[in-house]
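One-letter residues, chain by chain:
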Amino acid sequence: MGTSQQSPSTASPIGRDTLRIDGPRKVTGVAKYSSDLQFPGMLYAVPVEATIANGKLLTLDTAAAEKMPGVRAVLHRGNVGKIFRSTQAPGFDRVCLERRPPFEDDTIRYWGQYIALAVADTFEAAKAAADAVRATYSKEKPNVERHLEAEDDPDVILTAYSPMERLQSHRGDAAAALDNAAVKLDETYVTPAETHNPLELHSTVSLWDGPTLMLYDSTQGVVNLRSVLAQMFGLNKENVRVISKFLGSGFGGKLYPWTHVPLAAAAARQLGKPVKLVVSRKMMFQTVGHRARTQQRVRLGASREGKLVSLQHDYVYHMSMLDPYHEDCGEATPFHYSVPNLRVTFGRAKRNIGATADMRGPGAVPGLYATESAMNEMAERLKIDPVQFRILNEPKLDESLNLPFSSRHYVECLNLGAEKFGWSKRNATVGAMKRDGLILGWGMAGAAWIAGTFASEANIQLRDDGTVRIACATQDIGTGTYTILAQLASEKTGVPVDKVEVELGDSALPDGPISGGSLATSSVIPAVFKAADQAIASLLITAVTTPGSPFLGKQPDDLALEGGRVFIKADGVKRGIAFEEVLRRANARLVAGSGSGEQTVFAPNAKFSKHSYGCHFVEVTWQPETARLRVSRVVSVMDAGRIVNPLAGRNQIQGAVVMGIGMALFEETTYDPQNGAPINSNLADYMMTVNADAPPIDVHFLDYPDKEINELGARGIGEIGLAGIAAAITSAVHHATGVHVRELPVRIEDLIA
Ligand code: MOS
């Protein structure tokens, strides 16, 4: 199902536009998402949501609900049964961003917290029963204050992933250097709470098969979900199996389990039936994570010639009352530009809201909005072109770690982007550029994102029907992982992509990485390649040991596999035979190999600073008469290592740019100051970019392999496209309107002073 024109046996599938192998299953409706699944006797669960954001649950009256037709149970703290707490482990195992198990206590800490669960024969009956449950509370005023002041936290904080020093990075003396700088900037940038709104709602179907808990779940991490749920139900890992075959995206909201998952499992345990629970769109704004609101003060000092002398980045983000998710806005700040004096610090502000979580480009995306906006404003004060200002401050190495970059071509990104966009024609004067009666605004900004690998395993089979099977317990969240795995298996075996069967999304398969950090592709490459090498070695041993084989008596080293054919190296591939023929002669259904790769991302003692880079150039049109602002054109250039599938890669960057237009102009989750409820908790009131808002997006990849990452040199592309885009847009908005908007999203009222 690839798009290849050339014979697949002679050309590598890597770096070629390849259509998604799961596409036909999706468009014909054959692909089953978790919420599509049906099991005999399956029941439906609907949670009851707290209608306060701060206080205590006093009474719960379930009597009327329990008597309603079709209702099997109403579960609550008194009858749900034991649900243990999952615990944090080093690394990326057992991650859970809301640790308190559902119904563990009667304290309500955010609006929509689950207080009961109605289970019935139909969804409608369960919903009616959930609505009929009555609760009383003792209420306190919720804190959903928008202005953020850092709590009095210790210097080192244990976050959801690892301990973090609040003085995140420092070198030189940033304060003194700023005092003495010729040109200064001191501005605060604000990004709002944002809610993940993938098309597919969170959904889970739980059933108990004897001692084994089966979970069909819309998760970005089957392996992690298995570990967390095993702990929560006191089970051995081998007695939990998680299946996630198709997802309608996740954007980070589905990386780790939320409280509805153990609730469905507890209901299935109690009632002895499969239980389906689909989180409603409204609940998606309450109980399954969101991107934290951030307030970031950036101070820059520069010489008149445009050399940065000081950079201070002090940020505060909001968090829920209990859950220490760290919104790492300072991730890219310490290395992105050369500056001798630097200080990055953070603080946290607790609020009566659901847990904050990873959302596409967590940390770096809001962080780079602030620092790249500051770079643009500083360039303006210096009267230096913003592209040139960045080039002037290009670092030779990662100055925070004192390490070389594994592969950094940021300046080339900037130059190529400027060329493709036509940046040299920019007239920097505000409002000076016009086309068709519209004022044009041009802006740009840089991007960066983490690179490396998570631990992964894989298993590969070469089979006697000429097919290959590749198995790995990672997931395809819609980004193209099925296809990437097929391309990788094809690359190593020479078997065309359409003869590769990909098995993923099942925790019974060899452990695979979360679909997170844009690291799935880079993480599976070492495992798949090692697995393939082992399977091929097994095949060659078979070839030289099978009676009647033309290779009998040769050494395995004398042979090779290429284009799906086994041959004697000295004779050439043309005189070889199809690998399936070797297997058939040996009466072997298959040969198999397993491989694994280590976690390198966030690993201590790294020898290189590993990141991806990029930039966006943006044009907006502005019609002051009607206050109409449109993004009309975007050029994005990405230095993300070797691009395994440029078609899927461009899709990723384009999708991220579309999301970035939403970040800049539309998206914000607002909380009611009276009761703490997310007000716009639906797709009518939570504004997002729609098709009509999406301009032409011209994506370019530099395609330099980064050999410090993996054998192919592939980094990741899911998230970097969202980095920097909002700063490029607000810069273009300033160029068109003369208004510096420093609090996202840009609103019409900001522009019509
Ligand atoms: Mo991404 S926020 O790591 O799914």
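These lines cover the structure that appears in this document, whether it is placed above or below. (Residues numbered from 1 in each chain as written. Predicted model: local features only at pLDDT ≥ 70, side-chain atom pairs only at ≥ 80, totals over all residues. Heavy atoms only, no water.)

**Some points on the overall build of the protein chain**
Logical step 1: In terms of helices and strands, the protein chain carries 17 helices and 29 strands.
Logical step 2: By principal-axis analysis of the C-alpha atoms, the protein chain measures approximately 85 × 70 × 50 Å.
Logical step 3: With 753 residues in all, the protein chain has 62% of them scored as buried.
Logical step 4: Long-range pairs, those at least 24 residues apart, make up 80% of the contacts in the protein chain with a sequence separation of at least 6.
Logical step 5: Across the protein chain, the mean location of the 78 positive side-chain charges is 2 Å away from that of the 83 negative side-chain charges. (Helix = DSSP H or I, 4+ residues; strand = E, 2+ residues; numbered from the N terminus. Buried < 20%, exposed > 50% of the residue type's maximum accessible area, 1.4 Å probe, protein only. Contact = heavy atoms within 4.5 Å. Lys, Arg positive; Asp, Glu negative; His and termini not counted. Charge placed at Lys NZ, Arg CZ, Asp CG, Glu CD.)

**What to know about the state of the cysteines**
Logical step 1: Evaluated as defined, the whole model comprises zero disulfides.
Logical step 2: In this structure Cys413 is not part of a disulfide, and its nearest cysteine sulfur, from Cys615, lies 5.3 Å away. (Disulfide = S-S within 2.5 Å.)

**So, the packing of aromatic side chains**
Logical step 1: Counted according to the given criterion, the structure contains 18 aromatic pairs.
Logical step 2: Ring geometry for Tyr161 versus Tyr256: centroids 6.1 Å apart, planes at 70°, classification edge-to-face. With Tyr161 in the loop between strand 7 (156–158) and strand 8 (163–165) and Tyr256 in the loop between strand 13 (240–243) and helix 6 (260–271), the pair connects residues that are 95 residues apart, well separated along the chain.
Logical step 3: The exposure class of Tyr161 is partly exposed, given its relative accessible area of 23%.
Logical step 4: Since its relative accessible area comes to 4%, Tyr256 is described here as buried.
Logical step 5: When the centroid spacing of 6.0 Å and the interplanar angle of 90° are considered together, the rings of Tyr189 and Tyr369 count as edge-to-face. In this pair, Tyr189 sits in strand 10 (residues 183–191) while Tyr369 sits in helix 9 (residues 364–382), placing the two residues 180 residues apart along the sequence. (Phe/Tyr/Trp six-rings, centres within 6.5 Å; stacked < 30°, edge-to-face > 60°.)

**Side note on the sheet that holds strand 22 (residues 500–503)**
Logical step 1: Taken in spatial order, the four strands line up as 22-21-20-26 in an open sheet, and their pairing is mixed. Of all the strands in the sheet, just strand 22 and strand 26 (590–597) have a single pairing partner and so form its edges. Between one strand axis and the next, the sheet turns through 15° on average, direction left out of account.
Logical step 2: As paired elements, strand 21 (residues 468–471) and strand 22 share four bridges and run parallel to each other. Paired with Val468 across the two strands is Val500, which belongs to strand 22.
Logical step 3: Packing of helix 12 (residues 481–493) onto the sheet brings it into contact with strand 20 (456–463), strand 21 and strand 22, and relative to strand 22 it is tilted by some 135°.
Logical step 4: Where helix 13 (residues 520–545) meets the sheet, its contacts fall on strand 20, strand 21 and strand 26, and the angle it forms with strand 26 comes to roughly 150°. (Pairing = 2+ DSSP bridges. Axes fitted to C-alpha atoms, helices over the stretch in contact; angles between N-to-C directions.)

**Considering the packing of helix 9 against helix 16 (residues 725–737)**
Logical step 1: It is the contact of helix 9 with helix 16, at a shortest axis distance of 8 Å, that shows an interaxial angle of 35°. At the point where helix 9 passes helix 16, the crossing takes the right-handed sense. Contact residues: helix 9 offers Leu368, Tyr369, Glu372, Ser373, Asn376 and Glu380, while helix 16 offers Ala726, Ala727, Thr730, Ser731 and His734.
Logical step 2: For the contact of helix 9 with helix 16, the residue count by class is four nonpolar, five polar and two charged. (Left-handed = near helix turned anticlockwise from the far one by under 90°. Nonpolar A, V, L, I, M, F, W, Y, C, P; charged D, E, K, R; others polar.)

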